[in-house]
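Breakdown of the fold
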Amino acid sequence: MSLLSGPPRVITVGAGLLEESLRAQAVPTTPVTWHPPLTGTEDALATLLADPRREAANEVAVEKLTSARPFLVGVRRAAEILPAGTFLHAGPPITWERASGPLRGALIGAMLLEGLAGDEQDAETKLAAGQVRWEPCHEHAAVGPMAGVVSPSMWMFEVRDAEHGGTAYCSLNEGLGKVLRYGAYGPEVLDRLRWMDRVLGPALAVALESTGPLDLRAMIAQALQMGDELHNRNRAATSLLLRELAPALAETCSEAAEVLRFIGGNDHFFLNMGMAAAKAATDAARDIPGSTMVVAMARNGTDFGVQVSGLGGRWFTGPAGVPDGLYLGAYGPEDANPDIGDSTITETSGLGGFAMAASPAIVRFVGGDVSDAVAATRSMYEITLAEHPAYQIPGLGFRGTPAGIDVTLVARTGLLPVVNTGIAGRVAGTGQVGAGLVRPPAEAFTSALIALAAAVTPGQPGS
């Protein structure tokens with residue numbers, strides 16, 4: 001009877017028309033955001049939500065993810081890591097026929113860098129004929145930004161997880177603009193890569209021998225509190241790294257001034273080792289039967305793919321979307337290639353778009369305003385399993401970043417992960433044309449969900 005005698009208490013769900021009408025009559029309302037499950041997922045969701053393994057498996061997976069302790073332990077030539085005659089690339093597997101402009105451009109540049117082709121046309125002919133094998137970075141414990149192309153003469157950061165023992169690799173960061181990872185391969189691009197091969201890689205390798213392993217988890221945690229989100233803003237993290245390396249470089253490198261100037265002038269230099277740190281953490285959570293947690297999101301400029309802990313190395317893909325953002329100079333959306341790169345490993349681990357509330361300045365780079373950045377982070381708590389204990393956001397009362405994307409939560413809420421990203425020109429050789437935000441294709445998550453449901457053992461509870 002108290003419900004009838006007191007003032008009305010109204011909860012509104014779904015369409016806002018009812019809420020607006022009640023508010024116009026001065027009736028207090030409590031709005032609840034609700035979306036129907038992603039189309040075609042109802043049966044698979046029912047199977048997975050009843051799977052008795054899921055909850056415990058996800059607890060194990062997210063604990064491994066958030067307890068990983070990645071350290072930068074070395075810098076090594078890719079030739080020491082790669083199978084002979086193999087290049088790496090970002091995203092799921094893809095053929096030359098379906099490869100995007102920036103990926104083709106980066107592969108052409110790598111052929112020229114390695115002396116495997118005399119000119120652009122020769123490189124294209126040999127690549128199309130399959131004379132060089134190229135495979136996803138993720139299949140070799142590695143990640144690569146944008147096109148993600150790695151060839152034998154390049155140097156790679158080596159990151160080791162001190163908690164779980166895994167190792168991950170990533171190439172060195174070239175800077176922004178006309179660079180190989182954005183598909184550019186002009187003389188200035190190749191000259192820079194040759195300098196990185198001759199000077200930068202060896203200098204970093206010797207300096208790290210002097211400093212010993214560097215705690216990347218601690219650097220990332222501190223950089224978040226200094227305004228980075230560790231995908232498209234790495235200014236604080238790069239500064240912290242430079243503080244650690246500068247004395248050793250000054251003592252061990254005859255060209256220290258040139259090396260320090262290059263790192264200091266490249267705010268994104270930390271990105272690549274941060275990606276390797278995220279890869280090491282997410283790899284620790286792989287191969288846990290029954291887990292519905294995402295352990296990789298990656299794009300090759302044509303397809304967006306995800307991998308899930310409980311399904312091994314299987315890729316589930318959908319078409320990569322074109323980011324919505326800010327463009328450089330006279331470039332516009334018509335010049336943009338669909339989303340590309342392995343750098344979404346940052347979002348997979350709870351950084352990047354998931355941590356934008358820590359980085360108000362990021363909106364100057366990717367578009368929107370500060371409230372959009374905060375809203376993006378808040379929404380990601382709805383599709384993740386935990387809050388990262390080390391990666392905290394001052395503006396949210398030091399709440400941990402949302403970590404551990406769960407495909408069942410994605411399907412139930414209809415919310416897709418927020419990704420902030422650079423934008424590559426769609427024509428090979430163009431380079432970077434902008435930066436912005438993009439949402440993954442729902443198909444990648446729904447197909448993973450359906451495969452997870454199909455893997456539930458017939459006859460067990462929940463099947």
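Reference entry: report on the structure contained in this document. (Residues numbered from 1 in each chain as written. Predicted model: local features only at pLDDT ≥ 70, side-chain atom pairs only at ≥ 80, totals over all residues. Heavy atoms only, no water.)

**As for the packing of helix H5 (residues 101–113) against helix H7 (residues 187–211)**
Running from N to C, H5 and H7 point in directions that differ by 60°, and their axes come no closer than 10 Å. Compared by their axis directions, H5 and H7 come out oblique. Helix-helix and strand crossings are classified by hand; for H5 and H7 the assignment is right-handed. Counted together, Gly109, Leu112 and Leu113 of H5 and Leu190, Leu193 and Arg194 of H7 form the full contact between these two elements. (Axes fitted to C-alpha atoms, helices over the stretch in contact; angles between N-to-C directions. Helix = DSSP H or I, 4+ residues; strand = E, 2+ residues; numbered from the N terminus. Parallel < 35°, antiparallel > 145°, perpendicular 65-115°, else oblique. Left-handed = near helix turned anticlockwise from the far one by under 90°. Contact = heavy atoms within 4.5 Å.)

**Regarding the pairing of strand E16 (residues 399–405)**
Across the seven residues of E16, six count as buried, placing the element largely inside the fold. Pairing analysis gives five bridges linking strand E15 (residues 384–393) to E16, with the strands arranged antiparallel. In the sheet register, Ala386 faces E16, and the bridge partner there is Ala403. (Buried < 20%, exposed > 50% of the residue type's maximum accessible area, 1.4 Å probe, protein only. Pairing = 2+ DSSP bridges.)

**What about the pattern of salt bridges?**
Per the counting criterion, the structure on display carries 16 salt bridges. Across the salt bridge formed by Asp51 and Arg53, the nearest N and O atoms sit 2.9 Å from each other. Of the residues examined, Asp51 reaches a relative accessible area of 5% and is grouped as buried. Note that Arg299 is salt-bridged to Asp339, the shortest N-O span being 2.7 Å. In this pair, Arg299 is assigned in strand E10 (residues 294–300) and Asp339 in the loop between strand E13 (324–327) and strand E14 (340–341), connecting sequence segments 40 residues apart. We note that Arg299, like Asp339, is buried. (Salt bridge = Lys/Arg side-chain N within 4 Å of Asp/Glu carboxyl O.)

**Section: the sheet that holds strand E8 (residues 167–171)**
With mixed pairing, five strands are arranged side by side in an open sheet as E6-E8-E7-E3-E9. Two strands lie at the open edges of the sheet, namely strand E6 (142–143) and strand E9 (214–215), each paired on one side alone. As judged from the two bridges shared by E6 and E8, these two strands associate in the parallel manner. Directly across from Ala142, in E8, lies its bridge partner Tyr169.

**Details of helix H10 (residues 256–264)**
The set of residues buried in H10 consists of Ala256, Val259, Phe262 and Ile263. Down the axis of H10, the buried side of the element spans an arc of 130°, and every buried residue falls inside it. Check the buried side of H10 and you find it contacts H7, helix H9 (235–252) and helix H11 (269–283). (Arc of directions from axis to C-beta.)

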